[in-house]
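What follows is each chain in one-letter form.
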Amino acid sequence: MAFAEKYLHVQEPVVVGGRHVKRYHVTADPAGIAPEVEKAAYALLPELLPEPDGTPAASFAVLHRGGDSGAYLNVYSWVWDNVLHFSGAAAGQPALDCPDLDPTHFVRTAPGARNWIGCVWELAPLGHERAAWVRHVLAPDTPDLAGYLRDSLPSGTTEVRA
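The text that follows walks through the structure, step by step, so that each part is easy to find. None of the values given here were measured: they were computed from a predicted structure.

## Description of the state of the cysteines
1) Next: Per the stated rule, a full pass over the model turns up zero disulfides.
2) Next: No disulfide involves Cys 98; its nearest neighbouring cysteine sulfur is the one of Cys 119, lying 14 Å away.
3) Next: Residue classification places Cys 119 among the partly exposed residues on the basis of a relative accessible area of 25%.

## Things to note about the sheet that holds strand S1 (residues 7-16)
1) Next: Strand order across the open sheet formed by seven strands is S6-S5-S4-S3-S2-S1-S7, with mixed pairing between neighbours. On the outer flanks of this sheet lie strand S6 (107-108) and strand S7 (156-157), each paired with one strand and no other.
2) Next: By the bridge criterion, eight bridges tie strand S2 (residues 19-27) to strand S3 (residues 58-65) in an arrangement that is parallel. Note on S3: the bridge partner recorded for His 20 is Ala 58.

## Section: the pairing of S3
1) Next: Of all eight residues in S3, seven are buried; the element is thus mostly enclosed.
2) Next: One ladder, built from seven bridges, connects S3 with strand S4 (residues 71-79); its direction is antiparallel. Bridge pairing in S4 links Val 62 to Asn 74.

What counts, and where the lines are drawn
- Residues numbered from 1 in each chain as written.
- Predicted model: local features only at pLDDT ≥ 70, side-chain atom pairs only at ≥ 80, totals over all residues.
- Heavy atoms only, no water.
- Disulfide = S-S within 2.5 Å.
- Buried < 20%, exposed > 50% of the residue type's maximum accessible area, 1.4 Å probe, protein only.
- Pairing = 2+ DSSP bridges.
- Helix = DSSP H or I, 4+ residues; strand = E, 2+ residues; numbered from the N terminus.

Structure below.
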């Protein structure tokens, strides 16, 4: 199997149920993810967010359009001040118990069924998001949620950036 990086497209953050969600799209298509796949994925977003716990209400989502029929939505939310909570959904991927090959038919991945938090392309934003959380929320005397929300990994590819 020949490995190739994919495109990373940064989207504007959204607010869902009072929680700010930074958004990354991953795809082999330089044009990005089809609007109908994006709409279907984000319709499930409220179900994938944890309850508030006093931590600044911030999450980041990685929507990945696979090279086959699959599409994946990984949602990482900051909880307990410094812990990353994970929830996921998939569409068009029978191996993840999706009912069909439709990339707009998202279903929540069963907790414990597959304890996967992301593939090599989906994990690209994690290091940046960890550093941004420390820089803007944990290190300052007063957490700067707005600064964290402005600090995204730039669009480009999924390759490691120093």
